[in-house]
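Remarks on the overall topology
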Amino acid sequence: MEDSVQDSSNSDSDCSSVEYATDVEWSKLPDETWLQIFSHLPQYTLLTDLRLVCRLFNSLAFDPSLWKVMDLTDWIGHSPLLIAFIEALDRVIDRVSQHLRVLSFCEESGKRVFGSYKRWLFYEFSHVVHLELIDCDVIRTTIMNEIRQHCTKIETLVLDGCSNVDDEAMKVVSKFEHLSILDISGCSQVTDEGVNYIAEMPCQITQFISFDVWHLSDKSIVNLVNKQTKIEILTLYGDDLTDKSVIDACHCLPNLKNFEIFDCTNLTDESVYALCGKVSLERLHFQRATKNISTKAINHLFQEKPLVNLKDLSVSFTDAVVDETVNAISSGCPNLKNIELDWCSEVTDESIDNLVKSCRKLEFLCLNGLTKLKGNWLAEIDHYLPKLQSLTIAFCTGISDDKIKNVLLRQPDLLVSSNEKGCEEVARRGDVDFVVRQITLEDFD
């Protein structure tokens, strides 16, 4: 490798020789101060500019504290900069790679490295323990095998949106010896066979996230939770799953803290009753609950054995959640910081008022599509919820603009979000994130 010091050979003097029109003696600043300044600069700048200024900057630009994390997920639309960064990295890879522990790629940066002759750069990252590959279509079984061979210390692997990752790639993943966190969200080609490979891993994983993976059935999920009993974070997704998956997960995973259930339209009250007593739960997302799930069962979940450790709750897109349910949540979950009740259209101001007054630790309150709300509780929300950071009330058509404006006048730092006009049908299908926007006082001018 070419030594980067040669790149600064034209500057024989140190930084102390540079004169500045200021009273600050820059040359006497301690290294710690320079490193603090450098930590706020893009790594691109460190490699392509700062290291060429002088010998001191060349040395500090490769300080381990600046290279523990390399995030290449924000390069979309900046191909020239990305190419320049990779070319600079090419020349100094030996000085950077030894420090890296966290590495993230997006589609474009993934193509620039894995999809070209530059793939050898990745072979240098043998110390990486956390690898994220976001929307990297270039990742296939062959490349996954190369990653396993050269990055043997990986503990966290995120393959979110890698659409060409399939069961054979999962077979390779199952050979990682230290893996504890696996995210295969959006890996649409993965089926039961791939998950069964993960279930048989010799190491125990603590997180398994499979959002938007449709081809999984009870067979693989039941196998997974029975073999990987140390799982603390689990995501279930898709209408091929039944109560069996939820029941076995609750039974086999004593340390389950984060349980997310999305679009499992075949679930019944049996799944809800299985959740009762899981007091270790800190996060529970039960979205798009079907008509097979009753108000009685949901009420029982929060009344029988209160989930006192629950901090994050989403029970959305169901008419089974009514005022009685919200009141049960208010009394049974005093430590809530985040709650989402999107499109629970039977909920009224009475229970929301009780929620606001009871769950005083709330930081995020999401009430999209609650059309029966009038919002009288907004008048005192700053008093009862002093830690509130975000309030989302899209499609709450009964809440007047004046009430929203008054909240913003009293709490200018509060993030208040409402809806774009004409998007209600899109939101009802679940794409709320695409139609909700932040509103400010300028919207009322």
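Model, not experiment: these values are computed from the prediction.

**Focus: the pairing of strand β3 (residues 130-133)**
Residues Leu 131 and Leu 133 of β3 are buried on one face, while the alternating residues His 130 and Glu 132, pointing to the opposite face, are not. Note that β3 and strand β4 (residues 156-158) share three bridges and pair parallel. In the strand pairing of β4, Glu 132 is matched with Val 158. One crossover worth recording links β3 to the parallel β4 by way of helix α7 (residues 141-150), and it is right-handed.

**Things to note about the nonpolar core**
By size, the foremost hydrophobic cluster in this structure holds 133 residues, and its most contacted members are Leu 159, Leu 234, Phe 259, Phe 302, Ile 352 and Leu 365. What Leu 234 contacts, discounting residues up to four positions off in sequence, is Phe 208, Leu 224, Val 225, Ala 249, Leu 253, Leu 256, Asn 258, Phe 259 and Glu 260.

**Thoughts on unusual backbone geometry**
The backbone of Asp 135 shows a phi angle near 55°, a positive value even though the residue is not glycine. Tracing the backbone through its elements, the reader meets Asp 135 in the loop between β3 and α7. Positive phi, normally seen in glycine, also occurs at Phe 395, with a value near 65°. You can see Phe 395 is positioned in the loop between β13 (390-392) and α17 (401-410).

**Observations regarding the pattern of salt bridges**
Counted by the stated rule, this structure contains twelve salt bridges. Across the pair Glu 87 and Lys 118 runs a salt bridge, and its minimum N-O distance is 3.5 Å. Note that Glu 87 is positioned in helix α4 (residues 79-96) and Lys 118 in the loop between α5 (107-114) and α6 (120-123), a separation of 31 residues in sequence. The salt bridge involving Glu 107 is made with Lys 111; its shortest N-O contact spans 3.5 Å. One end of the pair is Glu 107 and the other is Lys 111, both in helix α5 and four residues apart, which spans about a single turn. Taking the relative accessible area as the measure of exposure, Glu 107 reaches 34% and is therefore partly exposed. Each member of the salt-bridge network shares a partner with another, and the members are Glu 87, Asp 90 and Lys 118.

About the thresholds
Residues numbered from 1 in each chain as written. Predicted model: local features only at pLDDT ≥ 70, side-chain atom pairs only at ≥ 80, totals over all residues. Heavy atoms only, no water. Buried < 20%, exposed > 50% of the residue type's maximum accessible area, 1.4 Å probe, protein only. Helix = DSSP H or I, 4+ residues; strand = E, 2+ residues; numbered from the N terminus. Pairing = 2+ DSSP bridges. Right-handed = clockwise from strand over helix to strand, strands pointing away. Core = buried A, V, L, I, M, F, W, Y, C linked by side-chain atoms within 4.5 Å. Contact = heavy atoms within 4.5 Å. Salt bridge = Lys/Arg side-chain N within 4 Å of Asp/Glu carboxyl O.

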